[in-house]
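# A closer look at the structure
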Amino acid sequence: ALGIIARRLVDRAALPSAMAIAWDDFRAIYSPLRVPCFRDAMLFGIPAAATLGLIRFRQIRNAHRATDLAMKTWPVFSVLGGLGCRRRRNNKAMKRLRELDVAVTR
């Protein structure tokens with residue numbers, strides 16, 4: 001049964017062109033490092049959450065609650081790191097555009 005399904009997926013002629021599924025459509029899912037700022041977001045979020053978890057552990061001496069806090073704050077810090085990275089990238093792009101505009105108008 002799996003062979004039949006695989007052959008149907010591979011055989012694109014069986015599907016209309018609007019419904020054809022290519023593996024390239026899913027490439028971003030399988031390679032998150034190609035997503036802009038993913039690396040910076042993770043490099044900001046993981047250490048920040050771990051540090052917060054360690055600080056909390058030293059305060060309350062309960063590993064379960066400290067780990068729970070770290071795991072809940074990791075996505076928050078990762079999103080903040082990603083937003084900061086995107087902002088820096090946009091500022092650099094705008095600066096390049098302004099420099100290019102100045103160079104063209106001269």
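Just above, that's the structure.
To start, this report covers the structure provided alongside it. All chains use their own residue numbering, which begins from 1 and follows the written sequence. Local features in this predicted model are restricted to residues of pLDDT 70 or higher, and side-chain atom pairs are both shown and tallied only at a pLDDT of 80 or more, whereas totals for entire chains, interfaces and linings draw on every residue. Calculation of side-chain values draws on the structure's entire complement of heavy atoms; hydrogens and water are dropped beforehand.

### Quick notes on the side chain of Thr73
Every helix listed is a DSSP run of H or I at least four residues long, and every strand listed is a run of E at least two residues long, numbered separately from the N terminus. Within the secondary structure, Thr73 is located in helix H4 (residues 63-105). Only protein chains enter the calculation, and the probe is 1.4 Å; a residue is then buried if its accessible area is under 20% of its type maximum, exposed if over 50%, and partly exposed in between. Relative accessible area serves as the criterion here: at 15%, Thr73 is assigned to the buried category. Contacts were defined at the residue level, with two residues in contact if any of their heavy atoms lie within 4.5 Å. With residues up to four places along the chain from it excluded, the contact list for Thr73 reads Ala49 and Leu52.

### Here's the deal with the state of the cysteines
Two cysteine sulfur atoms make up a disulfide if the distance between them is within 2.5 Å. This model, assessed by the stated rule, comprises one disulfide. Residue Cys37 pairs covalently with Cys85 via a disulfide, S to S 2.1 Å. What sets the handedness of the Cys37 and Cys85 disulfide is the S-S torsion sign, and at about -70 degrees it is left-handed. One end of the pair, Cys37, is in the loop between helix H2 (27-30) and helix H3 (38-60); the other, Cys85, is in helix H4, with 48 residues separating them in the sequence.

### Points about H4
For a helix, the expected span equals 1.5 Å multiplied by the number of residues minus one. The terminal C-alpha atoms of H4, which comprises 43 residues, lie 62 Å apart, in line with the 63 Å expected from a rise of 1.5 Å per residue. The sharpest bend along H4 comes to roughly 30 degrees, located at Thr73, with the proline Pro75 sitting one to four residues further on. Among all positions of H4, only Ala66, Ala70, Thr73, Ser78, Gly81, Gly82 and Cys85 are buried. Residues of H4 that are buried in the fold lie against H3. Bend, at a single residue, is the angle you get between axes fitted to the 7 residues ending at that residue and the 7 residues starting at it.

### Examining the pattern of salt bridges
We define a salt bridge as a contact between a side-chain nitrogen of Lys or Arg and a carboxyl oxygen of Asp or Glu at a distance within 4 Å. One pass over the full model with this rule turns up two salt bridges. Across the pair Asp40 and Arg39 runs a salt bridge, and its minimum N-O distance is 4.0 Å. Residue classification places Arg39 among the exposed positions, given a relative accessible area of 55%. We note a salt bridge from Asp68 to Lys72, for which the minimum N-O separation is 3.2 Å. Here Lys72 and Asp68 lie together in helix H4, a separation of four residues that amounts to about one turn. On the basis of relative accessibility, which here comes to 56%, the residue Lys72 falls in the exposed class.

### A look at the packing of aromatic side chains
Any two rings among Phe, Tyr and Trp, with Trp reduced to its six-membered ring, count as a pair given centres within 6.5 Å; such a pair is stacked if its planes are under 30 degrees apart, edge-to-face if over 60, and tilted if neither. Applying the stated criterion to the full structure yields one aromatic pair. Ring geometry for Phe44 and Phe77: centres 6.3 Å apart, planes at 75 degrees, overall edge-to-face. Remark: Phe77 occurs in helix H4 and Phe44 occurs in helix H3; sequence separation between them is 33 residues. What makes Phe44 partly exposed here is its relative accessible area of 41%. The criterion for a charge sitting over a ring is simple: Lys NZ or Arg CZ within 6 Å of the ring centre, and within 35 degrees of the ring normal. The cationic tip of Arg61 hangs over the ring face of Phe57; the distance from NZ or CZ to the ring centre is 5.9 Å.

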